[in-house]
Amino acid sequence: MVEFKRHRRLRQSANMRALVRETYVHIDDLIYPIFITEEENVKSEISSMPGIYQFSIDRLKEEMDEVQALGIKSVLLFGIPKEKDECGTQAFHDHGIVQEGIKYIKANYPEMIVIADTCLCEYTSHGHCGVIEAGRVLNDESLELLVKAAISQAAAGADIIAPSNMMDGFVAAIRKGLDEAGFLDIPIMSYGVKYASAFYGPFREAADSTPQFGDRKAYQMDPANRLEAFREAESDVAEGADFLIVKPGLPYLDIVRDMKNEWDLPIVTYNVSGEYSMVKAAAQNGWIDEERIIMETMISMKRAGADLIITYFAKDVARMLKEQ
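First things first, this report covers the structure right here in the doc. Treat the numbers as computed from the prediction; the structure is a model and nothing was measured.

What follows is about the overall build of the chain. Counting secondary structure elements, the chain contains 11 helices and 12 strands. Taking 2.2 N^0.38 as the reference for a compact globule, 324 residues should give roughly 20 Å; the C-alpha atoms of the chain span a radius of gyration of 20 Å, in line with that estimate. Taken along its principal axes, the extent of the C-alpha atoms in the chain is 75 × 45 × 40 Å. Within the chain, contacts between residues separated by at least 24 positions form 75% of all contacts whose residues are at least 6 apart in sequence. Only carbon and sulfur atoms are counted for the fraction: they give 49% of the accessible area of the chain, which is about 15,000 Å². Across the chain, the mean location of the 35 positive side-chain charges is 9 Å away from that of the 52 negative side-chain charges.

Under the counting rule described, the total for this entry stands at 3 cavities of 30 Å³ or more. Quantified by volume, the second largest cavity comes out at close to 40 Å³. Lining the second largest cavity, in full, are Tyr200, Phe203, Lys247, Tyr270, Val272, Ser273 and Tyr312. When grouped by side-chain class, the residues that make up the lining of the second largest cavity number 5 nonpolar, 1 polar and 1 charged.

On to a positive patch on the surface, then. A contiguous patch of positive charge on the surface is contributed by Lys5, Arg6, Arg8, Arg9 and Arg11. With respect to the secondary-structure elements, arginine 6 resides in the segment before helix H1 (14–19).

Rules used throughout
Residues numbered from 1 in each chain as written. Predicted model: local features only at pLDDT ≥ 70, side-chain atom pairs only at ≥ 80, totals over all residues. Heavy atoms only, no water. Helix = DSSP H or I, 4+ residues; strand = E, 2+ residues; numbered from the N terminus. Rg over C-alpha atoms; globule rule 2.2 N^0.38 Å. Contact = heavy atoms within 4.5 Å. Areas by Shrake-Rupley, 256 points an atom, 1.4 Å probe, with all protein chains shown as cover. Lys, Arg positive; Asp, Glu negative; His and termini not counted. Charge placed at Lys NZ, Arg CZ, Asp CG, Glu CD. 1 Å grid on protein atoms, 1.4 Å probe; cavity = no way out; pocket = protein on both sides within 12 Å on 5 of 7 lines; lining within 4 Å. Points joined across faces, edges and corners; volume = space filled by probe spheres on them. Nonpolar A, V, L, I, M, F, W, Y, C, P; charged D, E, K, R; others polar. Patch = residues over 30% accessible without salt bridge, like charges linked within 9 Å, V, L, I, M, F, W, Y side chains within 5 Å. Salt bridge = Lys/Arg side-chain N within 4 Å of Asp/Glu carboxyl O.

Shown next as structure tokens:
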């Protein structure tokens with residue numbers, strides 16, 4: 001008989017498979033995004049993201065109580081202001097919606113890690129991530145506003161600043177601004193590798209951030225490019241990033257592995273809205289086993305090298321982990 005390896009020996013039972021399992025997802029790996037609206041008495045489900053809501057601050061307690069009870073320790077805040085203008089002024093207003101959300105959470109859930117998304121697109125009337133001139137997003141002029149936003153978020157009590165704008169030099173500018181303002185100990189979780197992806201579609205409904213003209217391909221990365229990710233990440237590391245985010249998640253697991261192999265910073269992947277919505281839609285139609293798909297997705301990201309996962313599935317995953 002031809003000799004061969006008997007790999008199935010280690011798959012014979014659930015306990016045997018658990019004994020040799022290589023990759024795990026833990027509750028501490030999860031970061032849960034929350035959308036906060038500058039209205040009153042709002043808990044509004046996002047139609048394209050079943051189970052995800054916009055909350056006003058006066059309704060935020062019910063969400064935060066559940067998040068804390070499930071053992072999730074980190075949240076990422078996105079704001080939806082009442083008023084928008086060309087420069088996204090509400091992004092850096094001391095009493096802006098994200099700033100007020102940060103204050104509320106830190107006052108009532110002091111152990112919760114609050115991460116502030118630092119961008120302008122939710123706050124600008126044109127929906128782009130910076131200052132516009134003649135139809136172009138200006139890089140350096142946008143940096144000035146992003147620094148102001150980061151400082152105001154840190155002053156409100158944010159534990160981590162997460163700039164997502166993809167302007168050149170954004171980490172260097174924000175690091176310098178934070179340090180000069182006395183926030184030397186506030187880390188930067190950089191969206192260093194952010195692709196111009198169609199998977200962001202549902203988020204734009206959730207955050208009311210659809211560009212009013214054009215697209216974001218002039219500042220977000222081409223999905224076809226791999227080596228460019230190394231150049232982007234190298235710049236952010238040199239400029240002082242403390243974490244590196246790869247966004248989206250599933251279509252870019254090769255990039256997650258590249259970043260993990262190259263850099264010794266914590267690598268974060270963002271399991272984005274389109275990835276979430278596809279699973280939820282298929283599950284609602286009875287086409288998939290939702291729980292197994294969700295956990296397989298999380299495992300794939302951890303196996304690829306992600307240390308942390310930003311995901312709208314965080315509450316679902318936390319429940320599943322508690323049941324194991």
